[in-house]
Amino acid sequence: MSRLASLYQSSLGKKFIVAVTGIVMIGFLVGHVAGNLKIFLPPVDGGPGVGMQPDIDYYAHYLREIGEPLLPATAFLWGARLVLLGSIILHVICVIQLSTQSSAARKTAYASRKYSRATPPARWMMYTGSALMLFIVVHLLHLTFGAFGGGFEHGKVYHNLYDAFNNVLWVVFYVGSIGIVALHLYHGVWSLFQTLGFDNPDRNRGLRRMAAVLSVGLFVGFVAVPTAFITGIAKAPDHIESSEIAAHQQDENAVENEEKE
Amino acid sequence: MKFNIKVWRQANSKDSGKFESYTVDNISGDTSFLEMLDALNIQLTKNGGDPVAFDSDCREGVCGMCSMVIDGQAHGPKPATTTCQLYMRHFQDGAEITVEPWRATAFPVVRDLVVDRSAFDRIMQAGGYVTVHSGPKPEPNSIPIEPEVAEEALDAASCIGCGACVAACPNASAMLYTSAKVSHLGLLPQGDPERKHRVLSMVEQMEGEGFGSCRNYGECEAQCPKEISIKFIGMLNREYLQANLLDQANPRGKMSPQ
């Protein structure tokens, strides 16, 4: 334990924690975008008593059941939530301490300053990070707790998304926020490899590219959802249900016709 | 050529300091930046003023003394160049040039452009040495070393300790300097016995001196007059984490019963 404490004492150790918690959160984002893209999948049969439902609703329900029957219901979900919450807290505490150390290291600013290499996303990490904290709070209130009302119904993910993204303001808010996520990751994803000592001239190009691809890829993936709803590519939830009923009725008609013949 | 020099004047470490502007005329383009400051100082002395204090020693780009931030960049706008090797032809005739000392809490200003960089010396003292015996020297080729590794160590060893990395870093971090020293000794077989102790104590000393933390901007590499690569910062991170997390804290510790 004393070694962990001494590691935490140094800025290198704090950065190690920032990098590792960053990996956890990047892993979460990849899973999150994969889940979101399920709005593009056709409806699935949710089983007895549920009937046909949007794929993403089925998936949201599945998230609560991961690990069953080995684990009690929602145990895995809560475990994941705690790990994520812990990661955010550690990430933020370490970053604030590092930033305090750095501002104490230069008390008099330069009268004139020219950057040769430091990219804007790298210099904006504290701003983008702070904005993301706000975004996470608003996002959870909006689409997890349904605190902003509207027609929010727990478990009806597709319906809630359709509802939210009929409002241009929410679309703008989410697209902007995802843009900030992308900016944060553009520097962060490469930076974590350097902090963990994995980068070297052989890998540098690949790692820098991976950071760019990941940040742009996540941006495109996340933005696809509000875009699909506001452009009407993703249909209204009642449309899905009614079209399913129609399809069902067609089947029944076909059976009746067969019987008549 | 004619220049308007806006330079930081500070009588001593306790003075708050301020910028003063001076005009220097009849400067040849082949005058070095330091020689231009010499000309300015002759002019100031003739007029009964105090000359601008600045550090300089070898004036051939290897000692690392001529520390100053010129127009927002350590050692001026030309990459891979110390201030003494910067010539006035690199500036526009009639330009206003801002000259400031290194700005870092760990490098207090002594006077005008002169800063105290003994924080670097203390980092070096904390672990920047190798064990050698004082008897007759062994035949040099008796220690085999791959030429590529020797060259890599020399790349790190080309650090002249000028402090431009700290001055350039938006966080005033000394990671590039410390990593160059840790790597140049750690890469060589002669430096291997102290390897673990070196990285731990040099990092501890660096932290204690009040430098900032590294945010991987890469600004240090871009403004380093010797173009030391930030790959050495990656190496330092790896060495440090290895020594802290993976190596045994006490190699002679006991295994206790349950």
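Cut-offs used in this document
- Residues numbered from 1 in each chain as written.
- Chains lettered and ligands numbered in written order.
- Predicted model: local features only at pLDDT ≥ 70, side-chain atom pairs only at ≥ 80, totals over all residues.
- Heavy atoms only, no water.
- Patch = residues over 30% accessible without salt bridge, like charges linked within 9 Å, V, L, I, M, F, W, Y side chains within 5 Å.
- Areas by Shrake-Rupley, 256 points an atom, 1.4 Å probe, with all protein chains shown as cover.
- Salt bridge = Lys/Arg side-chain N within 4 Å of Asp/Glu carboxyl O.
- Helix = DSSP H or I, 4+ residues; strand = E, 2+ residues; numbered from the N terminus.
- Contact = heavy atoms within 4.5 Å.
- Buried area = accessible area lost by both parts, 1.4 Å probe.
- Polar contact = N/O pair within 3.5 Å; in protein donor to acceptor, adjacent residues only side chain to side chain.
- Buried < 20%, exposed > 50% of the residue type's maximum accessible area, 1.4 Å probe, protein only.
- Pairing = 2+ DSSP bridges.
- Expected span 1.5 Å × (residues − 1).
- Axes fitted to C-alpha atoms, helices over the stretch in contact; angles between N-to-C directions.
- Core = buried A, V, L, I, M, F, W, Y, C linked by side-chain atoms within 4.5 Å.
- Domains from an automatic or database assignment.
- Parallel < 35°, antiparallel > 145°, perpendicular 65-115°, else oblique.
- Nonpolar A, V, L, I, M, F, W, Y, C, P; charged D, E, K, R; others polar.

**Q** Would you take a moment to explain a nonpolar patch on the surface for this structure?
**A** Judged by side-chain polarity, A:Ile136, A:Val137, A:Leu140, A:Leu141, A:Phe145 and A:Phe148 come together as a nonpolar surface patch covering roughly 530 Å² of accessible area. With respect to the secondary-structure elements, A:Phe148 resides in the loop between helix 6 (125–143) and helix 7 (157–164).

**Q** Looking at this structure, how should I read the interface of chain B and chain A?
**A** Accessible area lost upon the coming together of the parts serves often as the stated size of an interface. Counting residues at the interface gives 51 residues for chain B and 42 residues for chain A. Between chain B and chain A the total buried area reaches about 3800 Å² when both faces are included, carbon and sulfur atoms providing 49% of it. Considering only the surface of chain B that becomes buried against chain A, B:Arg103, B:Arg215 and B:Asn216 emerge as the three largest contributors, covering 16% of it. The interface formed by chain B and chain A includes 1 salt bridge. We note a salt bridge from B:Glu221 to A:Arg117, for which the minimum N-O separation is 3.5 Å. Scanning the region where chain B abuts chain A turns up 32 residue pairs in polar contact (both at pLDDT 80 or more). Elements with a minimum of two residues in the side of chain B that touches chain A: strand 5 (96–100), helix 4 (164–168), helix 6 (195–208), helix 7 (219–223) and helix 8 (231–246) of chain B.

**Q** How do you make sense of the side chain of A:Ser102 when you look at a structure like this?
**A** Along the chain, the position of A:Ser102 falls in helix 4 (residues 75–105). Within the structure, the side chain of A:Ser102 is placed 3.1 Å from the backbone nitrogen of B:Ser213, a separation counted as a polar contact. What A:Ser102 contacts, discounting residues up to four positions off in sequence, is B:Asn171, B:Gly212 and B:Ser213.

**Q** Any chance you could explain the pairing of strand 1 (residues 3–9) of chain B here in plain terms?
**A** Regular strands place side chains that alternate from one sheet face to the opposite one. Residues and elements named next belong to chain B. Of all the 7 residues making up strand 1, 5 are buried; the element is thus mostly covered by neighbouring parts of the structure. Relative to strand 5, strand 1 runs parallel, the two being bridged by 4 bridges. Looking at strand 5, one finds that Ile5 is bridged to Ile97.

**Q** Explain helix 6 of chain B to me, please; I cannot follow it from the model alone.
**A** Because an α-helix packs 3.6 residues into every turn, residues spaced three or four apart end up facing the same way. If you check helix 6 of chain B, its first and last C-alpha atoms are 20 Å apart, about what 14 residues at 1.5 Å a residue would give, namely 20 Å. Within the span of helix 6 of chain B, buried status applies to B:Arg198, B:Val199, B:Ser201, B:Met202, B:Val203, B:Met206 and B:Glu207. Along its buried surface, helix 6 of chain B packs onto helix 2 (11–36) and helix 4 of chain A together with helix 2 (118–127), helix 5 (175–186) and helix 8 of chain B. Directly beyond the C-terminal end of helix 6 of chain B, a positive phi value near 90 degrees is found at B:Gly210.

**Q** Help me understand the environment of B:Glu204, please; the structure alone is not making it clear to me.
**A** Along the polypeptide, B:Glu204 turns up in helix 6. A C-alpha to C-alpha distance of 31 Å links B:Glu204 and B:Pro79, two positions 125 residues apart in sequence.

**Q** Hey, could you run me through the sheet that holds strand 1 of chain B in this one?
**A** Remark on secondary structure: sheet strands pair via backbone hydrogen bonds, oriented parallel or antiparallel. Residues and elements named next belong to chain B. One open sheet holds the 5 strands; their spatial order is 2-1-5-3-4, and the pairing between them is mixed. Edge positions in the open sheet fall to strand 2 (18–24) and strand 4 (73–74), since each of these has one partner strand only. In this sheet, strand 4 lies alongside strand 3 (residues 69–70) in antiparallel orientation, the contact comprising 2 bridges. The residue of strand 4 that forms the bridge with Val69 is Ala74. Contacting strand 1, strand 2, strand 3 and strand 5, helix 1 (residues 33–46) crosses the sheet at an angle of about 90 degrees to strand 2.

**Q** I'm lost on the nonpolar core in this one. Help?
**A** Across soluble globular proteins, nonpolar side chains show a tendency to be buried alongside one another. Grouped together as the largest cluster of nonpolar side chains are 80 residues, with contacts concentrated most on A:Ile39, A:Phe165, B:Phe107, B:Phe120, B:Val166 and B:Phe211. Counting residues per element, this core draws most heavily on helix 8 (residues 168–195) of chain A, which supplies 10 residues. Of the residues that make up this core, three or more belong to each of domain 1 (3–111) and domain 2 (117–246) of chain B. Each residue touching B:Phe211, except ones within four places of it in the same chain, is listed here: A:Gln101, A:Ala105, B:Ala106, B:Phe107, B:Ala119, B:Phe120, B:Ile123, B:Val166, B:Ala172, B:Ser173, B:Ala174 and B:Met206. B:Trp8, B:Leu40, B:Ala95 and B:Leu113 belong to the second largest nonpolar core, which has 26 residues in total.

**Q** Sorry if this is basic, but what is going on with the packing of helix 1 (residues 2–9) of chain A against helix 2 of chain A here?
**A** Residues and elements named next belong to chain A. Following both chains from N to C, one finds helix 1 and helix 2 inclined at 100 degrees, their axes separated by 4 Å at the closest point. In terms of their interaxial angle, helix 1 and helix 2 are classed as roughly perpendicular. Taking contact as the criterion, the partners of Leu7, Tyr8 and Gln9 in helix 1 are, on helix 2, Ser11, Gly13, Lys14, Phe16 and Ile17. Counted by class, the contact of helix 1 with helix 2 contains 4 nonpolar, 3 polar and 1 charged residues.

**Q** Honestly, unusual backbone geometry in this entry has me stumped. Any pointers?
**A** The peptide bond linking A:Glu68 to A:Pro69 adopts the cis configuration, its omega dihedral lying at 0 degrees. Within the fold, A:Pro69 resides in the loop between helix 3 (55–65) and helix 4. One non-glycine residue, B:Asp112, lies in the positive phi region at around 45 degrees. Judged by relative accessible area, which is 2%, B:Asp112 ranks as buried. Despite not being glycine, B:Glu227 shows a phi value in the positive range, around 50 degrees. For B:Glu227, the position within the fold is in the loop between helix 7 and helix 8. Owing to a relative accessible area of 55%, B:Glu227 belongs among the exposed residues under this scheme.

**Q** Looking at this structure, I do not really get the domain arrangement of chain B. What am I missing?
**A** All names here are of chain B. Assigned domains of chain B: these are domain 1 (3–111) and domain 2 (117–246). On the side of domain 2, 18 residues touch domain 1, which itself brings 20 residues to the contact. Contact between domain 1 and domain 2 buries roughly 1400 Å² in total, counting both sides, with carbon and sulfur atoms accounting for 61%. Put simply, domain 1 and domain 2 have 0 salt bridges between them. Where domain 1 meets domain 2, there are 4 residue pairs in polar contact (both at pLDDT 80 or more).

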